[in-house]
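The primary structure of each chain is shown beneath.
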Amino acid sequence: MELRRPTLADKTAILEMIEEFRSMDSPMDGFWGEEDFDYESWLERNVTAEMGVGLPANVVPSIQYVSFDDSNQSLGFLNLRLSLNESLLQHGGHIGYSIRPSERGKGYAKEQLYLGLLEAMSKNISRVLVTCHVGNEASRRTILSQGGQLENQVGETERYWIDVEEL
């Protein structure tokens, strides 16, 4: 698996993945895009979001990643937030991620989260907050597989910290 920033060359693969998520009515955690999605505008917004330019007051700088397999099929989204605001501290964390429905159950989420944690470490984030809904057993297992330590539960959200130096 390769985790990287999306490019124009990835357009077809990513649009196919988005359509799969939507057709299955599946959440696209780790994807920052609107319903009236325009790929080229999204790429531009990803660059400005990473720089922290022109963000709404409640949005922190972040890096949009997409994971790909060896045949360049897109597997999932991962968004690395470079800081936390009060809302993310309670219900979002540093990393949001999802794997496309047809590729779930193959271990990709664990690998994708691991690669995302390495990216966080490269950005000098030593403790990463990852959250999941209390009913999302697959996400919980993924977080625990990467050393997640449950701090608490806020409403329906479980909050886990991962010390990336221990990876």
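The structure under discussion appears in the preceding block.
Let me sum up the structure you'll find in this document.

Thresholds applied
- All chains use their own residue numbering, which begins from 1 and follows the written sequence.
- Under the rules for a predicted model, residues below a pLDDT of 70 receive no local features and side-chain atom pairs below 80 are neither given nor counted, while totals for whole chains, interfaces and linings still include all residues.
- Side-chain calculation: all heavy atoms of the structure are included, whereas hydrogens and water are not.
- Two strands qualify as a pair provided DSSP detects at least 2 bridges between them.
- Every helix listed is a DSSP run of H or I at least four residues long, and every strand listed is a run of E at least two residues long, numbered separately from the N terminus.
- Only the contacting stretch of a helix is used when fitting its axis, a line to C-alpha atoms as for every element, and angles between N-to-C directions run 0 to 180 degrees.
- Aromatic rings from Phe, Tyr and Trp, with only the six-membered ring used for Trp, were paired whenever their centres fell within 6.5 Å, and each pair was classed as stacked if the ring planes differed by under 30 degrees, edge-to-face if by over 60, and tilted otherwise.
- Residue burial is assigned from relative accessible area. The probe radius is 1.4 Å, only protein chains are included, and a residue is buried under 20% of its type maximum, exposed over 50%, and partly exposed in between.
- By definition, being over a ring means that NZ of Lys or CZ of Arg is both within 6 Å of the ring centre and within 35 degrees of the ring normal.
- Here a polar contact is taken to be a pair of N or O atoms separated by no more than 3.5 Å, where protein atoms must pair a possible hydrogen donor with a possible acceptor and residues adjacent in sequence count only if both atoms sit in side chains.
- Two residues form a contact once any of their heavy atoms are found within 4.5 Å.
- Residue count minus one, scaled by 1.5 Å, sets the expected span of a helix.
- Our arc is simply the arc of the directions from the helix axis toward the C-beta atoms.
- Side-chain atoms within 4.5 Å link the members of a nonpolar core, which is a set of buried Ala, Val, Leu, Ile, Met, Phe, Trp, Tyr and Cys residues.

**Here's the deal with the sheet that holds strand S3 (residues 74-81)**
- Taken together, four strands build an open sheet; the order of strands is S1-S2-S3-S4 and the sheet is antiparallel. Every interior strand has two partners, whereas the edge strands, strand S1 (2-4) and strand S4 (95-99), have only one. Adjacent strand axes in the sheet meet at a mean angle of 20°, parallel and antiparallel pairs treated alike.
- Of the pairings in the sheet, the one linking S3 to S4 comprises five bridges and is antiparallel in character.

**Re the packing of aromatic side chains**
- Inspection of every chain in the model, using the stated rule, returns eight aromatic pairs.
- Their ring planes at 80° and their centres at 6.3 Å tell us that Phe37 and Tyr39 sit as a pair that is edge-to-face. Tyr39 matches Phe37 in its accessibility class, with the two residues each being buried.
- Judged by centre distance (6.5 Å) and plane angle (90°), the rings of Trp42 and Phe77 are edge-to-face. Of this pair, Trp42 sits in helix H2 (residues 39-51) while Phe77 sits in strand S3; the two residues are 35 residues apart in sequence, bridging distant segments of the chain. As far as the burial class goes, Trp42 and Phe77 line up, both buried.
- One residue, Arg127, lies across the ring of Trp161, its end atom 4.3 Å from the ring centre.

**Looking at the sheet that holds strand S5 (residues 127-133)**
- Across the sheet, three strands lie side by side as S5-S7-S6; this open sheet has antiparallel pairing. The open sheet terminates on both sides in strands that have one partner only, identified here as S5 and strand S6 (149-154). Neighbour to neighbour, the strand axes of the sheet diverge by 25° on average, direction disregarded.
- Inspection of the sheet shows S5 paired to strand S7 (residues 157-163) by seven bridges, in the antiparallel sense. In the strand pairing of S7, Cys132 is matched with Glu158.

**Things to note about the side chain of Thr157**
- With respect to the helices and strands, the residue Thr157 is situated in strand S7.
- Accessibility expressed as a relative area gives 12% for Thr157, which makes it buried.
- One polar contact links Thr157 to His91, side chain to side chain, over a distance of 2.9 Å.
- Residues in contact with Thr157, not counting those within four places in the same chain, are Gln90, His91, Thr131, Cys132, Val134 and Asn152.

**Digging into H2**
- The end-to-end C-alpha distance of H2, which contains 13 residues, comes to 19 Å, matching closely the 18 Å that a straight helix rising 1.5 Å per residue would cover.
- Every buried residue belonging to H2 is among Tyr39, Trp42, Leu43, Arg45, Asn46 and Ala49, and all of these are buried. What you see down the axis of H2 is that its buried residues fit within an arc of 165°, all on one side. Among the exposed residues of H2, those pointing more than 90 degrees away from its buried face are Glu44 and Met51.
- On the buried face of H2, the contacting elements are helix H1 (11-23), strand S2 (62-68) and S3.

**A closer look at the nonpolar core**
- Formed by 21 residues in total, the largest nonpolar core has its most connected members in Ile95, Tyr97, Val128, Val130 and Ile143.
- Among the elements of the structure, S2, S3, S4, helix H4 (108-122), S5 and S7 are those that each provide at least two residues to this core.
- Residue contributions to this core peak at five residues, all from H4.
- Once residues within four sequence positions are removed from consideration, Tyr97 is found in contact with Asp29, Gly30, Phe77, Leu78, Ala109, Gln112, Leu113, Val130, Ser139, Thr142 and Ile143.
- Residues Ala13, Met17, Ile18 and Val66 belong to the second largest nonpolar core, which totals 14 residues.

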